[in-house]
Amino acid sequence: MNRPSPPSAPAALPLSRLLAHTADAVQAVRAGQSLNDALAACPAEARPGTQALSFQVLRSLGRAQALRERLAKRAPAAWVDALLLSALGLAWDAEAAPYAEHTLVDQAVEAVKQRERAQAPFVNAVLRRFLRERDDLVRATDGDAVARWNHPGWWIKRLRRDWPPHWQTLLAVNNERPPMTLRVHARRGTPQGYQHRLQEAGLGGRIVGPHAIRLDAPVAVNRLPGFADGDVSVQDLAAQWAAPLLVGSGAQALPAGARVLDACAAPGGKTAHLLELADLDVLALDSDAARLARVGETLARIGLQAELKTADARDPASFWDGRLFDAILMDAPCSASGIVRRHPDVRWLRRDSDIEALATIQRDMLHALWPLLKPGGRLLYCTCSVFRAEGEQQIDAFLQRASDAHGLPSPGHALPVPHNGTAAVVSGTETAAHDGFFYAVLHKRPA
Ligand SMILES: C[S@@+](CC[C@H](N)C(=O)[O-])C[C@H]1O[C@@H](n2cnc3c(N)ncnc32)[C@H](O)[C@@H]1O
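This write-up is about the structure you can find in this document. Numbers given to residues run from 1 along each chain, matching the order in which its sequence is written. This being a predicted model, a pLDDT of at least 70 is required before a residue's local features are given, and a value of 80 or more before pairs of side-chain atoms are given or counted; all residues contribute to the totals for chains, interfaces and linings. Each side-chain value is worked out from all heavy atoms of the structure, with water and hydrogens disregarded.

1. With respect to helix α3 (residues 47-58)
Since the α-helix advances by 3.6 residues per turn, residues separated by three or four positions end up pointing in the same direction. The end-to-end C-alpha separation of α3 is 16 Å, in line with the 16 Å expected for 12 residues at 1.5 Å each. Between two residues, a contact is recorded if the distance between any of their heavy atoms is within 4.5 Å. Each helix is a run of DSSP H or I of at least 4 residues and each strand a run of E of at least 2, with the numbering of both proceeding from the N terminus. Contact partners of the buried residues in α3: α1 (15-30), α2 (35-40), α4 (61-71), α5 (78-91) and α15 (346-349). One less than the residue count of a helix, multiplied by 1.5 Å, gives the span that helix is expected to have.

Here you go:
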């Protein structure tokens, strides 16, 4: 059997310990904490292995929950439940299991012995029964949509409504491992030149965009030639469409020195790309000071500058000096439903009601920022969401309200493209794997 490679971890680290940390992370996500925050609490030496296992468990959590409910009607205490779910999530599909299923079960029982000894016989009994009855149990859960697709029911319902021909592809893409795509610093070199540097470093990659290279396999950034010097950054292919859309080309290109507001800038991927492409006077805002600090770090690494301010973009009085902007990038806070491959916890953390709440923030922000744009200027609205309420419906409603706005040709909803690159492209011509985004370029009529 072709098993995926087990997560790399120091040889001295027993699997039982990684499983215990994975259960901690899964328990935290089920209690509403982000996986990033949960992993920050994991000891450094166990973090890479725990992260790899947690990602796989969260991509199988719907199935694991359905199996656990059949094996034990009453949920045990939160951590023991999270451990059971971790073992079931890793073992249920023999093809995808990172370790032999008996090893997983033995080590899960060992983990519970270390922390909740009295629960060990129960965990042992549940998991041994799972091994005996696996095929029947898996078949019995196949009809449960949450188990089948590993997403909450409301999410599946929303995608079915928003994307009748594509919803199954969208759910399947979310359970893939994400591609790793690089953006070559446009002032420092070309993708062709950087591809050679990669080859010299023993790495393979394919050119997939004007500045984009998709690596054959993800690697740690410290293995990328020139990363520390800013020659290259990590950025999804569809995220790389934002800066060229705002900067424009030919007669439509922003002039040197154009004043640009990047209203939701952190961690700074799109700010950096804007500055790599053109000489712009950029004000980069974010309401989260800690995240905004990362914009500063990114710009220092690539050797370019912008003015940074912590502020709520819905409150111009708190950041605006009264000078109109030539262009505004509004990369709005959103559900992140287009980048679930990279953040497998997101689907379990969000609630259906969050989508309306986020759409209200987006609407208010558009309303607040539009008056800051010069007549004749453009605003790029984007979200990394596949939900229509955060994309097309938001912009249609805005265009109804704002009589001086009209939409320019834009990608609209670009649904995530899987690794085989064949499906789910609604607009645009890109076929290489990328995340899901929505883009609308709005033009303000001259007065
Ligand atoms: C999708 S992320 C932006 C990603 C960024 N443009 C990039 O390419 O790296 C959205 C950002 O909006 C920020 N944000 C949320 N509410 C905000 C508000 N009211 N005003 C300004 N920024 C806000 C969040 O802190 C988050 O960093």
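Here the narrative resumes, following the displayed structure.
2. A short note on the pairing of strand β9 (residues 373-383)
The element β9 is extensively covered by neighbouring structure, given that eight of its 11 residues are classed as buried. Relative to β9, strand β8 (residues 325-331) runs parallel, the two being bridged by six bridges. Note on β9: the bridge partner recorded for Ala327 is Arg378. Inspection of the sheet shows β9 paired to strand β11 (residues 437-444) by six bridges, in the antiparallel sense. When the bridges of β11 are listed, Cys382 appears paired with Tyr439. Burial here depends on accessible area, computed with a 1.4 Å probe over protein chains only, as a share of the maximum for the residue type. Under 20% is buried, over 50% is exposed, and the range in between is partly exposed. Only when DSSP finds a minimum of two bridges between them are two strands counted as paired.

3. Digging into the sheet that holds strand β1 (residues 181-184)
Note on sheets: strands pair through backbone hydrogen bonds, and any given pair is parallel or antiparallel. A sheet is described by the order of its strands in space; here four strands give the open sequence β2-β3-β1-β4, paired in antiparallel fashion. The open sheet terminates on both sides in strands that have one partner only, identified here as β2 (205-207) and β4 (232-234). Geometrically, the sheet is characterised by an average inter-axis angle of 30° between neighbouring strands, direction not taken into account. With three bridges connecting them, β1 and strand β3 (residues 212-215) associate as antiparallel partners. Residue Leu182 lies in a different strand from β3, and its bridge partner there is Ile213. Its contacts with the sheet place helix α11 (residues 191-200) against β1, β2, β3 and β4, and it is angled at close to 30° to β3. The axes used here are C-alpha line fits, helices contributing only the stretch in contact, and every angle between their N-to-C directions lies in the interval 0 to 180 degrees.

4. Considerations on the nonpolar core
Within this scheme, the nonpolar core is defined by two criteria: the residues are buried Ala, Val, Leu, Ile, Met, Phe, Trp, Tyr or Cys, and they are joined through side-chain atoms within 4.5 Å. Counting 56 residues, the largest nonpolar core has Trp155, Leu159, Val260, Leu274 and Leu280 as its most contacted members. Once residues lying within four places of it in the same chain are set aside, the contact partners of Val260 are Leu246, Leu254, Leu274, Leu280, Asp281, Val282, Leu283, Phe325 and Ala327. By size, the runner-up hydrophobic cluster in this structure holds 52 residues, among which are Phe55, Val57, Ala87 and Val123.

5. Observations regarding the layout of surface pockets
By volume, the second largest pocket amounts to about 440 Å³. Elements represented by at least two residues in the lining of the second largest pocket include exactly α5 and α8 (145-149). The leading source of residues in the lining of the second largest pocket is α8, at three residues. Gly is placed with the polar residues, together with every amino acid not listed as nonpolar (Ala, Val, Leu, Ile, Met, Phe, Trp, Tyr, Cys and Pro) or charged (Asp, Glu, Lys and Arg). When the residues that make up the lining of the second largest pocket are grouped by side-chain class, the tally is seven nonpolar, six polar and six charged. Cavities and pockets were defined on a 1 Å grid built from protein atoms only: a cavity is a group of points that admits a 1.4 Å probe but offers it no way out, a pocket is an open group of points flanked by protein on both sides within 12 Å along at least five of seven lines, and a lining residue is one with an atom within 4 Å of any such point. Grid points are joined across faces, edges and corners, and a volume is the space filled by probe spheres set on the points.

6. Some points on the packing of aromatic side chains
Each aromatic pair joins two rings of Phe, Tyr and Trp (for Trp, the six-membered one) with centres within 6.5 Å, and gets the label stacked for planes under 30 degrees apart, edge-to-face for over 60, and tilted for any other angle. Counted according to the given criterion, the structure contains eight aromatic pairs. Where Trp154 meets Phe387, the ring centres are 6.2 Å apart and the plane angle is 55°; that geometry is what we call tilted. Linking Trp154 in helix α9 (residues 153-162) with Phe387 in the loop between β9 and α17 (392-401), this pair joins segments that are 233 residues apart in sequence. Like Trp154, the residue Phe387 is buried in the burial classification. Geometrically, the ring pair formed by Trp155 and Phe387 is edge-to-face, given 5.2 Å between the ring centres and 65° between the ring planes. With Trp155 in helix α9 and Phe387 in the loop between β9 and α17, this residue pair connects regions lying 232 residues apart in the sequence. A network of ring pairs unites the aromatic residues Trp154, Trp155 and Phe387 as a single cluster. Seen from the ring of Trp149, Arg148 lies directly overhead, with NZ or CZ sitting 4.0 Å from the centre. Any Lys NZ or Arg CZ found within 6 Å of a ring centre and within 35 degrees of that ring's normal is scored as a charge over the ring. Seen from the ring of Phe227, Arg301 lies directly overhead, with NZ or CZ sitting 4.1 Å from the centre.

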